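Here are the chains, one letter per residue:
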Amino acid sequence: MLNKNLSKLSTETAFSVLDRAGELQKSGKNIINLGIGQPDFSTPEHIVEAGIRALRDGAHGYSPSLGIHALREAVQDDLSKRYGYCPPISQIQITPGGKPIIFIAAMIYGGRGNEILMPNPSFPIYESAVAFSGAKPVFYQLKEESGFAFSADEILSKIKNNTTLIILNTPHNPTGGVTPPAEIKKLIAGLAKHPNITIFSDEIYDRLVFNTPPHSLLSYPEIQDRLIILNGWSKTYAMTGWRVGLGIWPKSSIEHADKLGINYHSCVNTAAQFAALAATTGDQTCVEEMRVAFKRRAILIAENLIGIKGVECQMPGGAFYAFPNIKKLGVSSEILQVRLLEEFGVAGLAGTAFGTYGEGYLRFSSANSDALIQEACNRLRKLSLLYL
Ligand code: PLP
């Protein structure tokens with residue numbers, strides 16, 4: 001008999017669409033991939049060099065379970081400088097990508113009888129990991145009319161005695177929405193009445209903002225002792241395949257997070273950590289160059305989508321996703337996802353891949369060249385002919 005909770009684990013549609021797009025490409029079809037959320041840029045040269053150098057210098061062995069000291073020190077220094085505060089190094093954990101922090105948090109704060117609040121639509125791993133832990137995922141809706149920002153009042157209204165954790169994500173996957181600091185402040189003020197609830201802030205896109213300065217929950221001293229931060233190198237430095245991410249834990253849970261990490265992955269690829277160290281301590285021009293390119297493409301994709309009859313699209317505030325509303329086309333998101341890939345040669349994702357409130361939307365990643373984004377949008381113009 002297998003673990004009953006296995007049936008609660010779900011997956012990421014992005015990976016199955018990536019596989020199918022690959023198959024179609026192999027069979028000779030011209031596919032434009034706006035499906036997966038990874039920068040199309042190569043990892044900057046000085047970072048790659050640092051990884052190679054580390055391998056040549058003998059970084060072949062295990063390293064400390066929480067990460068090499070120099071990297072945790074660099075993270076502490078960087079976040080303190082950028083956000084005015086970062087907990088001590090002893091509370092920083094380096095993980096294989098940012099994703100494990102979600103699973104580890106679900107294992108620590110989940111379990112049968114507990115409830116965990118999370119956005120919907122959202123990164124599908126939140127619900128999957130929480131459900132697997134035995135806890136109940138409870139959703140708060142991100143609405144298009146609020147720019148896909150969360151509503152502090154809605155979150156606060158869903159808190160119960162058994163709520164242990166609230167998951168927040170801004171800039172947001174899949175909508176590109178950014179929650180304004182005023183709403184974050186309102187939530188934090190409301191949480192003063194709930195001192196036992198921990199706040200999980202997924203800030204993997206913190207530096208990919210287009211019209212507002214980067215913002216972190218680290219800047220709120222009143223929640224410092226009950227805050228988990230997820231961040232990492234994947235999106236900021238085009239390093240998705242290196243698998244280096246980080247979690248910052250409350251003092252009370254770092255020991256559990258470390259034990260879970262040791263049970264699962266022992267430590268992170270040592271050479272990749274040296275590459276991440278070069279990324280954090282090196283020249284940040286590459287980050288700004290990529291941010292500017294993503295902003296330009298976000299405008300390009302949203303303006304093109306707005307120009308298609310029957311499609312509406314909010315201008316993304318950050319991350320690299322556009323989340324157009326296709327309700328007027330009168331077709332389900334999933335049917336459209338399949339049709340777009342198989343017939344139009346455009347890989348995008350159904351909004352429902354991110355939760356039930358994603359029905360009526362599609363997610364397109366702007367992590368592709370301007371020319372290919374334009375070509376994909378040209379192909380999408382046929383949509384109104386087909387459905388209206
Ligand atoms: N959190 C969000 C919101 C994401 O979109 C992603 C990746 O797509 C992650 C976390 C995980 O990032 P990583 O590739 O570093 O594991």
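Keep in mind the model is a prediction, meaning the values are calculated, not measured. (Residues numbered from 1 in each chain as written. Predicted model: local features only at pLDDT ≥ 70, side-chain atom pairs only at ≥ 80, totals over all residues. Heavy atoms only, no water.)

A. Layout of the sheet that holds strand 9 (residues 321-322). A sheet is described by the order of its strands in space; here three strands give the open sequence 9-12-11, paired in antiparallel fashion. Pairing within the sheet leaves two strands with one partner each, and these edge strands are strand 9 and strand 11 (349-350). (Pairing = 2+ DSSP bridges. Helix = DSSP H or I, 4+ residues; strand = E, 2+ residues; numbered from the N terminus.)

B. How the structure looks around the packing of aromatic side chains. Across all of its chains, the model carries 11 aromatic pairs by this definition. Plain terms: the ring middles of Phe148 and Phe323 are 5.6 Å apart, the flat faces sit at 85 degrees to each other, and that makes the pair edge-to-face. Here Phe148 is found in the loop between strand 4 (136-141) and helix 6 (152-157), whereas its partner Phe323 is found in the loop between strand 9 and helix 11 (333-344), with 175 residues between them in sequence. By the burial criterion, Phe148 is buried, and Phe323 matches it. Three or more aromatic residues link up through ring pairs in this structure, and these residues are Phe41, Tyr205, Phe294, Phe320 and Tyr321. A cation over a ring is seen here: Lys382 above Phe344, with NZ or CZ 4.8 Å from the ring centre. (Phe/Tyr/Trp six-rings, centres within 6.5 Å; stacked < 30°, edge-to-face > 60°. Buried < 20%, exposed > 50% of the residue type's maximum accessible area, 1.4 Å probe, protein only. Lys NZ or Arg CZ within 6 Å of the ring centre and 35° of its normal.)

C. Focus on the domain arrangement of the protein chain. In terms of domains, the protein chain is made up of domain 1 (4-43 + 285-384) and domain 2 (45-281). Just the C-alpha atoms count here: the centres of domain 1 and domain 2 sit 24 Å apart. Taken residue by residue, the interface counts 40 residues in domain 1 and 42 residues in domain 2. Taken together, the two surfaces of domain 1 and domain 2 that pack against each other cover about 3,500 Å², and 60% of this comes from carbon and sulfur. Contact with domain 2 buries area across many residues of domain 1, yet Thr43, Phe354 and Tyr357 alone supply 20% of it, more than any other trio. For the pair domain 1 and domain 2, the interface holds one salt bridge. (Domains from an automatic or database assignment. Contact = heavy atoms within 4.5 Å. Buried area = accessible area lost by both parts, 1.4 Å probe. Salt bridge = Lys/Arg side-chain N within 4 Å of Asp/Glu carboxyl O.)

D. Inspection of the sheet that holds strand 4 at higher detail. An order of 2-8-7-6-5-3-4 is seen for the seven strands of this open sheet, with the pairing classed as mixed. The outermost strands of the open sheet, each flanked by one partner alone, are strand 2 (92-95) and strand 4. Averaged over all neighbouring strand pairs, the angle between strand axes comes to 20 degrees, with direction disregarded. (Axes fitted to C-alpha atoms, helices over the stretch in contact; angles between N-to-C directions.)

E. Geometry of the pattern of salt bridges. Scanning the model with the defined rule gives 18 salt bridges in all. With a closest N to O distance of 2.7 Å, Glu12 and Lys99 form a salt bridge. Pair noted here: Glu12 is in the segment before helix 1 (13-26) and Lys99 is in helix 4 (residues 99-109), with a separation of 87 residues, a long-range link. What makes Glu12 buried here is its relative accessible area of 12%. For Asp77, the salt bridge identified is with Lys81, shortest N-O distance 3.0 Å. Of this pair, Asp77 and Lys81 both sit in helix 3 (residues 69-83), separated by four residues, roughly a single helical turn. For Lys81, a relative accessible area of 66% puts it in the exposed group.

F. Inspection of the pairing of strand 3 (residues 115-120) at higher detail. The element strand 3 is largely enclosed, with a buried count of six among its six residues. Judged by which residues are buried, strand 3 turns out to be covered on both faces: Glu115, Leu117 and Pro119 on one side and Ile116, Met118 and Asn120 on the other are all buried. When strand 3 meets strand 4, the two strands line up parallel, connected through six bridges. For Met118, the partnering residue across the bridge sits in strand 4 and is Phe139. Handedness of the strand 3-helix 5 (residues 125-133)-strand 4 crossover: right-handed. Pairing between strand 3 and strand 5 (residues 163-169): three bridges, direction parallel. Bridge assignment links Ile116 to a residue of strand 5, and that residue is Leu165. (Right-handed = clockwise from strand over helix to strand, strands pointing away.)

G. A look at the pairing of strand 5. Strand 5 sits mainly inside the fold: seven of its seven residues count as buried. Handedness of the β-α-β unit built from strand 5, helix 7 (residues 181-191) and strand 6 (residues 198-202) comes out right-handed.

H. Just the site of the ligand, in detail. Contacts to the ligand come from 13 residues, most closely from Asn173, Asp202, Tyr205, Ser234 and Lys235. Tyr205 is positioned such that a nitrogen or oxygen atom in its side chain is 2.7 Å from an oxygen atom of the ligand. Coverage of the ligand by the protein amounts to 93% of the 390 Å² it exposes when considered alone. (Near = heavy atom within 4 Å. Polar contact = N/O pair within 3.5 Å; in protein donor to acceptor, adjacent residues only side chain to side chain. Areas by Shrake-Rupley, 256 points an atom, 1.4 Å probe, with all protein chains shown as cover.)

I. Quick peek at the nonpolar core. Counting residues in hydrophobic clusters, the biggest one holds 84 residues, and the most contacted among them are Ile94, Leu168, Phe200, Leu217, Trp233 and Trp249. For this core, the leading source of residues is helix 4, giving six residues. Split by domain, this core shows at least three residues from each of two domains, domain 1 (4-43 + 285-384) and domain 2 (45-281). Counting residues in hydrophobic clusters, the runner-up holds 23 residues, among them Leu34, Leu305, Leu362 and Cys377. (Core = buried A, V, L, I, M, F, W, Y, C linked by side-chain atoms within 4.5 Å.)

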